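Listed here are the chains, written in short residue letters.
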Amino acid sequence: MEVEVKFRVEFNETKDAIESLGAIFIREELQEDLYFSLSLPELLRLRRITNLGKSFLTYKRIEDPGENEEFDEIEVEISDFEKTREILKRLGFKEDVWVRKRRLVYKLDDVTFELSEVEGLGAFLDIEVMSNDVEGAKKRIWKIAEKLGLTEKDVEPRLYQELLREVDSRGKM
């Protein structure tokens, strides 16, 4: 089970705070995520990491709708983003939202930090723990969040695609 909490943050300040904890920088990813129209709590995503030349197909089921902290996830690497996109379209899946971001990935023991600049939305930090012990994982996440100076008021429970739809609908008023 993927357990994560997403926070709205200031990018450079948070980057420094993560590094001050002793987290190890793993990689930078330039991601383009294409989400397909599925009814929540299910998500279907094609991800292209342009700077690494890799692509992934991901199915997620949100186990705690509304909070979006617990996900059952299946992900496979694919060799051809565009052909996979075409297969999904031919199967009847409708393209929904593109999410583009620059992400820095850090690790500290069993905790993954994903610090992202999301086009059109700003900066976010996902603190993630893979565990079948959901409550234990959340406690671990919150212990780390406190060390970074993050509180409940910094939590962003909405999905990126929900946030982008809100921004888009305000722009069309």
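The rules behind the values
Residues numbered from 1 in each chain as written. Predicted model: local features only at pLDDT ≥ 70, side-chain atom pairs only at ≥ 80, totals over all residues. Heavy atoms only, no water. Phe/Tyr/Trp six-rings, centres within 6.5 Å; stacked < 30°, edge-to-face > 60°. Helix = DSSP H or I, 4+ residues; strand = E, 2+ residues; numbered from the N terminus. Buried < 20%, exposed > 50% of the residue type's maximum accessible area, 1.4 Å probe, protein only. Lys NZ or Arg CZ within 6 Å of the ring centre and 35° of its normal. Pairing = 2+ DSSP bridges. Axes fitted to C-alpha atoms, helices over the stretch in contact; angles between N-to-C directions. Contact = heavy atoms within 4.5 Å. Salt bridge = Lys/Arg side-chain N within 4 Å of Asp/Glu carboxyl O. Expected span 1.5 Å × (residues − 1). Arc of directions from axis to C-beta.

Let us now look at the packing of aromatic side chains. Considering all chains together, one arrives at 4 aromatic pairs under this definition. Here the aromatic rings of phenylalanine 7 and tryptophan 142 are separated by 5.4 Å at their centres, their planes lie at 80 degrees, and the arrangement is edge-to-face. With a gap of 135 residues between them, phenylalanine 7 in strand E1 (residues 2–8) and tryptophan 142 in helix H3 (residues 134–147) connect regions that are remote in the sequence. When sorted by exposure, phenylalanine 7 lands in the same class as tryptophan 142, which is buried. Here the aromatic rings of phenylalanine 124 and tyrosine 160 are separated by 5.2 Å at their centres, their planes lie at 75 degrees, and the arrangement is edge-to-face. Of this pair, phenylalanine 124 sits in strand E8 (residues 122–130) while tyrosine 160 is found in helix H4 (residues 160–171), placing the two residues 36 residues apart along the sequence. On the accessibility criterion, tyrosine 160 (6% relative accessible area) is buried. The ring of tyrosine 160 carries lysine 6 above its face, with NZ or CZ at 4.0 Å from the centroid.

Spatially, E1-E5-E4-E3-E2-E6-E7-E8 is the arrangement adopted by the 8 strands of the closed barrel, whose pairing is antiparallel. The sheet shows a mean angle of 35 degrees between the axes of neighbouring strands, direction not considered. Relative to E8, E1 runs antiparallel, the two sharing 7 bridges. Bridging from a neighbouring strand, arginine 8 pairs with phenylalanine 124 of E8. Sheet contacts for helix H2 (residues 81–90): strand E2 (24–36), strand E3 (42–49), strand E4 (54–62), strand E5 (70–78) and strand E6 (95–108); angle to E3, the most-contacted strand, approximately 155 degrees. With respect to the sheet, H3 is in contact with E1, E5, E6, strand E7 (111–118) and E8, its orientation differing from that of E1 by roughly 30 degrees.

A few words on the pattern of salt bridges. Applying the stated rule across the entire model yields 27 salt bridges. For the salt bridge of arginine 102 with glutamate 117, the shortest nitrogen-to-oxygen distance reads 2.9 Å. Taken as a pair, arginine 102 in strand E6 and glutamate 117 in strand E7 lie far apart in primary sequence, 15 residues in all. Residue arginine 102 is classed as partly exposed on the basis of its relative accessible area, which comes to 28%.

Bringing H3 into the picture now. The terminal C-alpha atoms of H3 lie 20 Å apart, and with 14 residues this matches the ideal 20 Å at 1.5 Å per residue to within 8%. Buried residues of H3: Val134, Ala137, Lys138, Ile141, Trp142, Ile144 and Ala145, and no others. Projected down its long axis, H3 shows its buried positions confined to an angular sector of 160 degrees, all on one face. For H3, exposure combined with an orientation more than 90 degrees from the buried face picks out Glu135, Lys139, Lys143, Glu146 and Lys147. For H3, the secondary structure elements touched by its buried residues are E1, E5, E6, E7 and E8. Of the residues trailing H3, glycine 149 is marked for its positive phi of about 80 degrees.

The analysis is restricted to geometry; functional conclusions fall outside its scope.
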